[in-house]
Amino acid sequence: MTPSDRIRLATGDITRFAADAIVNAANTSLLGGGGVDGAIHRAAGPELLAECRRIGGCPTGEARLTKGYRLPAPYVIHTVGPVWRGGDRGEEGLLAACYRNVLALASRHVLRRIAFPAISTGVYGFPLARATAIAVTEVRRFLATDDGMAEVTFVCFSDAISAAYRRALAGE
Ligand code: ADP
């Protein structure tokens, strides 16, 4: 299958999504926060926080794997997106690194169905069109070289996010 055949869009709450792993847009402490991070911790239960505490944090652009506990997904891959500071502080490279590191970690653990939220596009303020273009570029690039990954879903929490992914996928 071509890379694009293995990319899906879904709408709604990623905590309800039954992939092999869902991705969390975490912060460097890995100790929970607002937005999707808070929702994932609430849905997974306190065991997730306990495991994250043992990991001891994660630098921006990197990724860490935990179990999913009470989530439908058996694993969570936590990644820390960059805070948008105007675009000349390496934000685009760091966001691309998030996608690459999540996909590499998933591949190493043979997690073949992955669901991403739109990392950094909430309180971290990354412009949506740029963020979705980076997400689509990195996922396509990865799928072109990795036959093991069966499906990557972008879970869209609003119509604006879903429209941005559609444009990115259409190459606009
Ligand atoms: P960041 O700090 O990386 O910006 P946020 O959690 O504030 O993280 O937002 C990241 C994206 O996740 C935003 O586009 C937001 O709309 C989306 N989001 C928030 N809650 C959920 C959820 N339950 N499921 C999927 N996406 C979500």
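Because the structure is a prediction, the values reported are computed rather than measured. (Residues numbered from 1 in each chain as written. Predicted model: local features only at pLDDT ≥ 70, side-chain atom pairs only at ≥ 80, totals over all residues. Heavy atoms only, no water.)

*Asks:* Sorry, what's going on with the packing of helix 3 (residues 91-108) against helix 4 (residues 128-145) here?
*Replies:* For any two helices packed against each other, one specifies the crossing angle of their axes together with the interaxial distance. Taken N-terminus to C-terminus, the directions of helix 3 and helix 4 make an angle of 35°; their axes are 9 Å apart at the nearest point. Pair helix 3 / helix 4 crosses with right-handed handedness. Together, Glu92, Leu95, Ala96, Tyr99, Arg100, Leu103, Ala104 and Ser107 of helix 3 and Arg130, Ala131, Ile134, Ala135, Glu138, Val139 and Phe142 of helix 4 make up the contact between the two elements. Split by residue class, the contact of helix 3 with helix 4 holds 10 nonpolar, one polar and four charged. (Axes fitted to C-alpha atoms, helices over the stretch in contact; angles between N-to-C directions. Helix = DSSP H or I, 4+ residues; strand = E, 2+ residues; numbered from the N terminus. Left-handed = near helix turned anticlockwise from the far one by under 90°. Contact = heavy atoms within 4.5 Å. Nonpolar A, V, L, I, M, F, W, Y, C, P; charged D, E, K, R; others polar.)

*Asks:* When you look at the site of the ligand in this model, what are you seeing that I'm missing?
*Replies:* The ligand sits among 15 residues. The nearest are Asp13, Val36, Ser120, Thr121 and Gly122. Within the contact set of the ligand, a nitrogen atom lies 2.8 Å away from a side-chain nitrogen or oxygen of aspartate 13. The backbone of valine 123 places a nitrogen or oxygen atom 3.0 Å from an oxygen atom of the ligand. Looking at the shell around the ligand element by element, the count peaks at three residues for helix 1 (residues 35-44). (Near = heavy atom within 4 Å. Polar contact = N/O pair within 3.5 Å; in protein donor to acceptor, adjacent residues only side chain to side chain.)

*Asks:* How should I be thinking about the packing of aromatic side chains in this particular structure?
*Replies:* All chains considered together, the criterion is met by four aromatic pairs. Geometrically, the ring pair formed by tryptophan 84 and phenylalanine 126 is edge-to-face, given 4.7 Å between the ring centres and 65° between the ring planes. Taken together, the residues span a long stretch of sequence, with tryptophan 84 in the loop between strand 4 (75-80) and helix 3 and phenylalanine 126 in the loop between strand 5 (113-116) and helix 4 at a distance of 42 residues. For the pair tyrosine 99 and phenylalanine 116, a centre-to-centre distance of 4.8 Å together with 35° between the ring planes defines the contact as tilted. On the criterion of sequence distance, the pair formed by tyrosine 99 in helix 3 and phenylalanine 116 in strand 5 is long-range, its members being 17 residues apart. Phenylalanine 116 sits in the buried class, given a relative accessible area of 0%. An aromatic cluster of at least three residues, connected via ring pairs, comprises Tyr99, Phe116, Phe154 and Tyr165. (Phe/Tyr/Trp six-rings, centres within 6.5 Å; stacked < 30°, edge-to-face > 60°. Buried < 20%, exposed > 50% of the residue type's maximum accessible area, 1.4 Å probe, protein only.)

*Asks:* What is the right way to look at the packing of helix 1 against helix 2 (residues 46-55) in this model?
*Replies:* Put simply, helix 1 and helix 2 touch, their axes get as near as 6 Å, and they point 115° apart. The residues of helix 2 that touch helix 1, namely those facing Ile40, His41 and Ala44, are Glu47, Leu48, Leu49 and Cys52. Looking at the contact of helix 1 with helix 2 residue by residue, the classes come out as five nonpolar, one polar and one charged.

*Asks:* Please explain the nonpolar core as it appears in this structure.
*Replies:* Most often, soluble globular proteins keep nonpolar side chains buried together rather than apart. In terms of nonpolar packing, the biggest core is built from 33 residues, with Tyr99, Phe116, Val139, Phe154 and Tyr165 touching the most fellow members. Taken together, the elements giving at least two residues each to this core come down to strand 2 (21-26), helix 3, strand 5, helix 4, strand 6 (151-156) and helix 5 (159-169). The element that contributes the greatest number of residues to this core is helix 3, accounting for eight residues. Ignoring sequence-local partners within four residues, the contact set of phenylalanine 116 consists of Ile14, Val23, Tyr99, Val102, Leu103, Val139, Val152, Thr153, Phe154 and Val155. Counting 16 residues, the second largest nonpolar core, distinct from the first, contains Ile40, Leu71, Ala73 and Val76. (Core = buried A, V, L, I, M, F, W, Y, C linked by side-chain atoms within 4.5 Å.)

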